[in-house]
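Residue-level structure breakdown
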Amino acid sequence: MLFRSTVGGDFTTNNNGTEIRAISDLTNAQGALVTTIPATSTGQAGYTATLAMTPDRSKFFVIRDVDTRLLIFDVATGNWTEGPQLPSTTARYVRMAITSNSVGYVMDGDGKFYSFATTSPYSVSAAQTLTKLPASAPALGSSGDFFADNRGNLFLLSSTGTDGFLDFWEVEPSTLNLVFLGRISRSEEHTSELQSRFGISY
């Protein structure tokens, strides 16, 4: 099953997600509201461009834009917990995934890469830089998201949103390599819709 952060159930709003909803992996039709991303204690809205779910489906993770705070939603209790605050960024946190070994990863729009624990106290690594391989690979597009397979491998689809291609990468957290695997031709209409804010449940 897929989940996505949306604005009032509107999947066509590209910039801000304020709630989590289930969507059909066959039709892309929206399903029930899971939860609303909380505002800060001072009332600033809980916008996000990130979303990930633990392999056991027990928790959702997002980073709230306004204060770059890692937020954790417990599915069983329906409660949100505030985790650490990540470094501020002018480029927004835009990619997030949790691998099958329950390690989380997030990247901002400038390409700074972090890992985080999915159990309390939800510690976050220092910022790291990925090395693109080969050096001649295409530039990393600003649109796209991480996803992980059931063997713990982390991948990235990226797109500029304008060139009609999706670029497929493997992320190697242990070596900090970003390995270009190939390019998929897509229509501009679909490519421009490639955004983050997805969580996949196995």
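Provided above is the structure to which this section pertains.
Here the structure is a predicted model, which is why all the values come from computation and not from measurement.

A word on the environment of K132. In this structure, K132 sits in strand β12 (residues 131-133). It is 9.3 Å that separates the C-alpha atoms of K132 and W169, two residues lying 37 residues apart in sequence. Leave out the neighbours within four places in its chain, and K132 touches A137, P138, A139, W169 and L178. Of the polar contacts made by the side chain of K132, one reaches the backbone oxygen of A137; its length is 2.9 Å.

What follows is about the environment of N79. Looking at the secondary structure, you find N79 in strand β7 (residues 79-85). Sequence separation between N79 and T35 is 44 residues; the distance between their C-alpha atoms is 9.3 Å. Those residues in contact with N79, other than ones at most four positions away along the chain, are I72, F73 and D74.

This brings us to the side chain of S158. Positionally, S158 belongs in strand β14 (residues 154-159). We classify S158 as buried; its relative accessible area is 0%. Engagement of the side chain of S158 in a polar contact is seen with the side chain of W169, the distance being 3.1 Å.

Once that is clear, we can look at the pairing of strand β5 (residues 59-64). With respect to burial, β5 is a largely interior element, 6 of its 6 residues being buried. A two-sided burial pattern is seen for β5, the buried positions comprising K59, F61 and I63 on one face and F60, V62 and R64 on the other. Bridge count between strand β4 (residues 52-53) and β5: 2 bridges; the pairing is antiparallel. Opposite A52, over in β5, you have F61 as the bridge partner. Connecting β4 to the antiparallel partner β5 that follows it, the hairpin turn spans 5 residues, and R57 within it adopts a positive phi of roughly 65 degrees. Note that β5 and strand β6 (residues 69-74) share 6 bridges and pair antiparallel. Bridge pairing links K59 to D74 in β6. What sits between β5 and β6 in their antiparallel hairpin is a turn of 4 residues, with T68 showing a positive phi close to 45 degrees.

Scoring rules and cut-offs
Residues numbered from 1 in each chain as written. Predicted model: local features only at pLDDT ≥ 70, side-chain atom pairs only at ≥ 80, totals over all residues. Heavy atoms only, no water. Helix = DSSP H or I, 4+ residues; strand = E, 2+ residues; numbered from the N terminus. Contact = heavy atoms within 4.5 Å. Polar contact = N/O pair within 3.5 Å; in protein donor to acceptor, adjacent residues only side chain to side chain. Buried < 20%, exposed > 50% of the residue type's maximum accessible area, 1.4 Å probe, protein only. Pairing = 2+ DSSP bridges.

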